[in-house]
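So you can see what is in the structure, the chains are spelled out below.
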Amino acid sequence: MSDSIGGDATGRRADVVSDAINRLLTELSVKCAKEEGVRDYFHVGLIGYGHVHVGSAFGGPLAGRDLVPLSEVANGPARIESRTKKIPDGAGGLVESTVRFPVWLDPVANGGTPMTQALAHAERLVGRWVAEHPGGFPPIVLNLTDGESTDGDPTAAAGSLASHFTADGSALLFNLHVSGTDGRAVTFPDSDQGLPDDYAKLLFGMSSVLPGHMRSYAASQGHRIGEAARGFVYNADITSIVEFLDIGTRATELR
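Parameters and conventions
- Residues numbered from 1 in each chain as written.
- Predicted model: local features only at pLDDT ≥ 70, side-chain atom pairs only at ≥ 80, totals over all residues.
- Heavy atoms only, no water.
- Helix = DSSP H or I, 4+ residues; strand = E, 2+ residues; numbered from the N terminus.
- Contact = heavy atoms within 4.5 Å.
- Areas by Shrake-Rupley, 256 points an atom, 1.4 Å probe, with all protein chains shown as cover.
- Lys, Arg positive; Asp, Glu negative; His and termini not counted.
- Charge placed at Lys NZ, Arg CZ, Asp CG, Glu CD.
- pLDDT = per-residue confidence, 0-100.
- Buried < 20%, exposed > 50% of the residue type's maximum accessible area, 1.4 Å probe, protein only.
- Arc of directions from axis to C-beta.
- Axes fitted to C-alpha atoms, helices over the stretch in contact; angles between N-to-C directions.
- Left-handed = near helix turned anticlockwise from the far one by under 90°.
- Nonpolar A, V, L, I, M, F, W, Y, C, P; charged D, E, K, R; others polar.
- Polar contact = N/O pair within 3.5 Å; in protein donor to acceptor, adjacent residues only side chain to side chain.
- Core = buried A, V, L, I, M, F, W, Y, C linked by side-chain atoms within 4.5 Å.
- Pairing = 2+ DSSP bridges.

**Student:** Got a sec to walk through the overall build of the protein? Specific residues and values, please.
**Tutor:** When helices and strands are counted, the protein shows 7 helices and 14 strands. With respect to the principal axes defined by its C-alpha atoms, the protein has extents near 50 × 45 × 40 Å. Once local pairs closer than 6 in sequence are excluded, the contacts in the protein between residues at least 24 apart make up 70%. Entry remark: accessible area of the protein is about 12,700 Å², with carbon and sulfur atoms responsible for 49%. One finds the centroid of the 21 positive side-chain charges in the protein at a distance of 4 Å from the centroid of its 31 negative side-chain charges.

If you want it as structure tokens, here you go:
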């Protein structure tokens, strides 16, 4: 994750991914905000994995926490940064504006990709959550990686994770490979034909089929989506990362 991301954007992969996740948490908090405050439509866990660490990646007051109700996430960023962004000036141009940017996750790249251990950790959290919320929407695990597993074949761990289920269905595992090249991103394929190598096919085979409401939303965003489309993106650039997080966390209805 210390290398540069591919595509037109610049910057380290770790920086791009952490910014996208922090932005997602902000958007989820806003989406679930009601008059009385942020409702706990989601419980959120951040798992970081590298050479010497597999576990919670939250910073600040949530450090060390596993699954956190969204209201506590919204109220507990590690810090608020000031960022600049360009917005329309109403006359066809752009002007820079300063915005508040909450940060829960800091970018870390420390080598190694113990994906099997990370998925096993996620499986324990999923199992616990399902036991406590048997009637809820099944948990969704989004695995973002830039390299092959360094601690063995993660297929069995992925299968164990997806074996948990609630009244609404099985737990979902979606996988995204972060690009380091300028090649075309492969987004939500329905077969492994045309994937460039065995590693891409392994990630595809580990990925769950997108539920119907996610397929519909992805189609509305311009993606060509088949009935068997999986939550899998290969060779993702910054745009694909943002779309993957948006589609992969799309809820059916928030009341």
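Next, the rest of the story.
**Student:** Go over the confidence of the model for the protein with me, naming the residues and quoting the values.
**Tutor:** Per-chain confidence: the protein averages 89 in pLDDT, with 91% of residues scoring 70 or above. The weakest mean pLDDT in the protein belongs to strand β7 (residues 79-88) at 84; the strongest belongs to strand β6 (residues 68-69) at 98.

**Student:** Outline helix α6 (residues 212-220), listing residues and values.
**Tutor:** Along α6, the residues that are buried comprise M214, R215, Y217 and A218. One face of α6 carries all of its buried residues, which in axial projection span an arc of 165°. Residues of α6 that are buried make contact with β9 (140-145), β12 (172-178) and α7 (238-248). Positive phi appears at G222, one or two residues downstream of α6, with a value of about 100°.

**Student:** Lay out the packing of helix α1 (residues 13-31) against α7 with the relevant residues and their values.
**Tutor:** One can describe the packing of α1 onto α7 by two numbers: an axis separation of 10 Å at closest approach and a directional angle of 30°. Where α1 crosses over α7, the two elements pack in a sense that is right-handed. Here V16, V17, A20, I21 and L24 of α1 lie close against α7, whose contacting residues are I238, I241, V242 and L245. For the contact of α1 with α7, the per-class residue count stands at 9 nonpolar, no polar and no charged.

**Student:** An account of the side chain of T166 is needed here, citing residue identities and associated values.
**Tutor:** Here T166 shows up in strand β10 (residues 165-166). T166 sits in the buried class, given a relative accessible area of 7%. Looking at T166, its side chain comes within polar contact range of the main-chain oxygen of G136, at 2.6 Å. Those residues in contact with T166 that sit more than four places away from it in its chain are W129, V130, H133, P134, G136, F137, P138 and P139.

**Student:** Which residues make up the nonpolar core, and what values go with them?
**Tutor:** Across soluble globular proteins, nonpolar side chains show a tendency to be buried alongside one another. Within the largest apolar cluster, 35 residues are counted, with the highest numbers of intra-cluster contacts made by F58, V73, L176, I241, F244 and L245. At the level of secondary structure, the elements contributing two or more residues to this core comprise α1, α2 (70-75), β12, α6, β14 (232-236) and α7. With 7 residues, α1 is the single largest residue contributor to this core. Once residues lying within four places of it in the same chain are set aside, the contact partners of F244 are L142, L144, F174, N175, L176, F188, G231 and V233. In this structure, A122, A158, V186 and F204 belong to the second largest nonpolar core, which totals 21 residues.

**Student:** If you had to explain the packing of α6 against α7 to someone new, which residues and values would you point to?
**Tutor:** Any two packed helices are characterised by how steeply their axes cross, that is the angle between the axes, and by the distance between the axes. Taken N-terminus to C-terminus, the directions of α6 and α7 make an angle of 140°; their axes are 9 Å apart at the nearest point. Read as a crossing pair, α6 and α7 show a hand that is right-handed. Taken together, the residues of α7 that come into contact with α6 (itself represented by M214, Y217 and A218) are D246, I247 and G248. Here the contact of α6 with α7 is composed, by residue class, of 4 nonpolar, 1 polar and 1 charged.

**Student:** If you had to explain the sheet that holds β14 to someone new, which residues and values would you point to?
**Tutor:** Pairing between sheet strands relies on hydrogen bonds along the backbone, with the strands arranged either parallel or antiparallel. Read across the sheet, 4 strands follow the order β9-β12-β14-β13 without closing on themselves; strand pairing throughout is mixed. With partners counted over all chains shown, the strands left at the sheet margins are β9 and β13 (186-187), one partner each. Of the strand pairs in this sheet, β12 and β14 are connected by 3 bridges, and their pairing is parallel. Note on β14: the bridge partner recorded for L176 is V233.

**Student:** Could you give an account of the side chain of T249, naming the residues involved and the relevant values?
**Tutor:** Position of T249 among the secondary structure elements: in the segment after α7. Polar side-chain contacts of T249 include one of 3.5 Å to the backbone oxygen of D246.

**Student:** Provide a residue-level description of the environment of L46, including the pertinent values.
**Tutor:** On the secondary structure map, L46 appears in the loop between β3 (43-44) and β4 (47-49). Sequence separation between L46 and I87 is 41 residues, and the spatial gap between their C-alpha atoms is 30 Å.

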